[in-house]
Amino acid sequence: MPTKIEKDAFSGRDTTGHEWDGLKELNTPLPKWWLWTFITTAVWAVIFCIFYPSVPGIHGYFKGVLGYSTRATVTADVAALAAQRSQVLDKIKDVPIAKVRQDPNLMAVANTAGRIAFANNCQPCHGAGGEGRPGYPALAADRWIWGGKLEDIQQTITYGIRSGHPEARQSQMLRFGVDGILKPEEIASVADFVSTLYGKAKPSPASAKGAAIFAENCVACHGDNGEGKREVGGPPLKGAVHLYGDTREAIIAQVTNPRMGVMPNWNARLDAATIKSLALYVHALGGGEN
Amino acid sequence: MFIRHETIEKNAILMLVLTLITISIGGIVEIIPNFTIETTIEPVKGVRPYSPLELMGRNIYIREGCYLCHSQQIRALKDEVERYGHYSLAAESQYDHPFQWGSKRIGPDLARVGGKYSNDWHYAHLIHPQALVPESLMPRYAFLAETPLETKILDKHLKANRTVGVPYTDEDIANAKKDLEAQANPEADTDFEATLKRYPKAIQVPGKPGEPTELDALVAYLQVLGTMADFSSVTPEQLNR
């Protein structure tokens, strides 16, 4: 096959010199800009390989002139962030929580830290504003199961509730129905009585019978008048806000085979300053006690 | 000196051979170093194969396509570590076949969701996410609570994983059914202690006795995510290798 470069009469361009079955091909080089872009990227790749971790070797890999490592960088970044924050957060950690509350500067930081940590960790159970959800108590109201003082809240958050942590807040309602402590009729009457506490029913002969059963079985945890007992985590029954619903069926279900709320211990995930900030934030949501 | 490209272009066999050689150089450079390095996995303690219930839950996670909205990989970036905790290690997905790193985050990363919420929360959330998180885009998976978990070929699931390198022992396989039942039912008279010895940190879920559902399995799986690795067993230097 002859390879002779000719000039094409029609376009005025050179041919490649190839000829296949009488067909000749024009030599149309790649556009210059494209070629140079290609060469630049190739050169860039070589430079990159020199400065950054790149070529694998027999033992390990070439670490690059800069010695860059993603993991070392993130470790340093996180440490730098912690150091920067520690100026204030260390103070929050070391000062007694009641003192933090009196210091507007510390409080400003605690509030922000608390708000962010709340949105990240607490909102899915307690609601965005701490308004509560079925099964998850409101934190913005002045109705507390375990206590609404700063220290109470801090302790609850740190160790959790029935979380499995040895210092967790712990209490067990008895399984009055399942374990046969009360007969179904008795449970029905006590539910009638609790309904009066909930403000859902007027006192009646049935509820009077229930009151006696309540006095015998329930006051130890729920208080003489159903006002709740914080030492044992018995929630208040008096009033209109309840964890597990306010119908008679809900009460019967609870007394028969109680549900018991679980909250994780946050000391496994959050540092002490963040937990303290959270306690201050929750306390300030509206229900904090002094 | 050089083979003229005309010669190559006109000789299909020669072109094939030269193509093969060129491609193998790339392959060899990438593969050979892996044979000489003892392991590319960090020496972190605690990562174990999934318990039978967790493994079945994982299958449901895959079947339902949870990975289309959730990643399981905390990248080594400051913001991610701040929000989700320690960045993910290769060691943590060493028993995942296939891994669930994912590439899309319509929902949050789940690599360390284990222990973040209670079992109750996961049940309620999977059944009806919007009841707990009103603005949630997550679909409802209530049907999982009514679908009995298929356990007929449980041992085959473990064996299949063993074939691809997960170190399930014969004992693990023999006890698979018992372990599954113990983990799915805290009330029954089962030996969960023995299960815990085989699968430390496994979390019991409140299934109905004798009839675990797909939801039970899924929650058991979610509750173990990211909790296995013991970060005190490994130094930053070892991780930065």
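Residues numbered from 1 in each chain as written. Chains lettered and ligands numbered in written order. Predicted model: local features only at pLDDT ≥ 70, side-chain atom pairs only at ≥ 80, totals over all residues. Heavy atoms only, no water.

## A look at the interface of chain B and chain A
Okay, so step 1: In this assembly, 37 residues from chain B lie in contact with 32 residues from chain A.
Okay, so step 2: Summed over both sides, the interface of chain B with chain A buries roughly 2,800 Å², with 54% coming from carbon and sulfur.
Okay, so step 3: Applying the counting rule to chain B against chain A returns three salt bridges.
Okay, so step 4: The salt bridge partner of Glu187(B) is Arg175(A), with a shortest N-O separation of 3.2 Å.
Okay, so step 5: Considered class by class, the residues forming the side of chain B that touches chain A number 18 nonpolar, seven polar and 12 charged. (Contact = heavy atoms within 4.5 Å. Buried area = accessible area lost by both parts, 1.4 Å probe. Salt bridge = Lys/Arg side-chain N within 4 Å of Asp/Glu carboxyl O. Nonpolar A, V, L, I, M, F, W, Y, C, P; charged D, E, K, R; others polar.)

## A short note on the domain arrangement of chain B
Interface size is commonly expressed as the accessible surface area that is lost when the partners come together.
Okay, so step 1: Domain annotation of chain B identifies domain 1 (2-35) and domain 2 (52-239).
Okay, so step 2: When each unit is reduced to the centre of its C-alpha atoms, the spacing between domain 1 of chain B and domain 2 of chain B is 45 Å. (Domains from an automatic or database assignment.)

## So, the nonpolar core
Okay, so step 1: Within the largest apolar cluster, 56 residues are counted, with the highest numbers of intra-cluster contacts made by Leu53(B), Leu126(B), Leu158(B), Tyr168(B), Leu218(B) and Leu222(B).
Okay, so step 2: A per-element tally of this core places helix 12 (residues 214-224) of chain B first, with eight residues.
Okay, so step 3: Leu126(B) has contacts with Met138(B), Arg140(B), Tyr141(B), Ala142(B), Leu215(B), Leu218(B), Val219(B) and Leu222(B), leaving out every residue within four places of it along the chain.
Okay, so step 4: One finds Met107(A), Phe118(A), Trp146(A) and Tyr281(A) within the second-largest nonpolar core, a separate group that totals 28 residues. (Core = buried A, V, L, I, M, F, W, Y, C linked by side-chain atoms within 4.5 Å. Buried < 20%, exposed > 50% of the residue type's maximum accessible area, 1.4 Å probe, protein only. Helix = DSSP H or I, 4+ residues; strand = E, 2+ residues; numbered from the N terminus.)

## Structural notes on the packing of aromatic side chains
All names here are of chain A.
Okay, so step 1: Inspection of every chain in the model, using the stated rule, returns 11 aromatic pairs over all chains.
Okay, so step 2: When the centroid spacing of 5.7 Å and the interplanar angle of 10° are considered together, the rings of Trp34 and Phe38 count as stacked. On the criterion of helical spacing, the pair formed by Trp34 and Phe38 is a turn pair, its members being four residues apart in helix 1 (residues 32-51).
Okay, so step 3: With a relative accessible area of 38%, Trp34 lands in the partly exposed category. (Phe/Tyr/Trp six-rings, centres within 6.5 Å; stacked < 30°, edge-to-face > 60°.)

## Digging into the domain arrangement of chain A
Residue and element names in this part refer to chain A.
Okay, so step 1: Split by domain assignment, chain A resolves into domain 1 (72-167 + 263-287) and domain 2 (184-256).
Okay, so step 2: A straight line from the C-alpha centre of domain 1 to that of domain 2 covers 32 Å.
Okay, so step 3: Residue-level contacts link 10 residues of domain 1 with 12 residues of domain 2.
Okay, so step 4: For the pairing of domain 1 and domain 2, the buried interface totals around 870 Å² over both sides, and the portion due to carbon and sulfur atoms is 56%.

## Digging into helix 12 of chain B
For an α-helix, 3.6 residues make a turn, and residues three or four places apart therefore share a direction.
Residues and elements named next belong to chain B.
Okay, so step 1: In terms of burial, helix 12 is a largely internal element, 11 of the 11 residues being buried.
Okay, so step 2: Those residues of helix 12 that fall on the buried side of the exposure criterion are Glu214, Leu215, Asp216, Ala217, Leu218, Val219, Ala220, Tyr221, Leu222, Gln223 and Val224.
Okay, so step 3: On its buried face, helix 12 is in contact with helix 3 (52-63), helix 5 (119-127), helix 7 (143-146) and helix 10 (176-183).
Okay, so step 4: Looking at the residues trailing helix 12, positive phi occurs at Gly226, about 80°.

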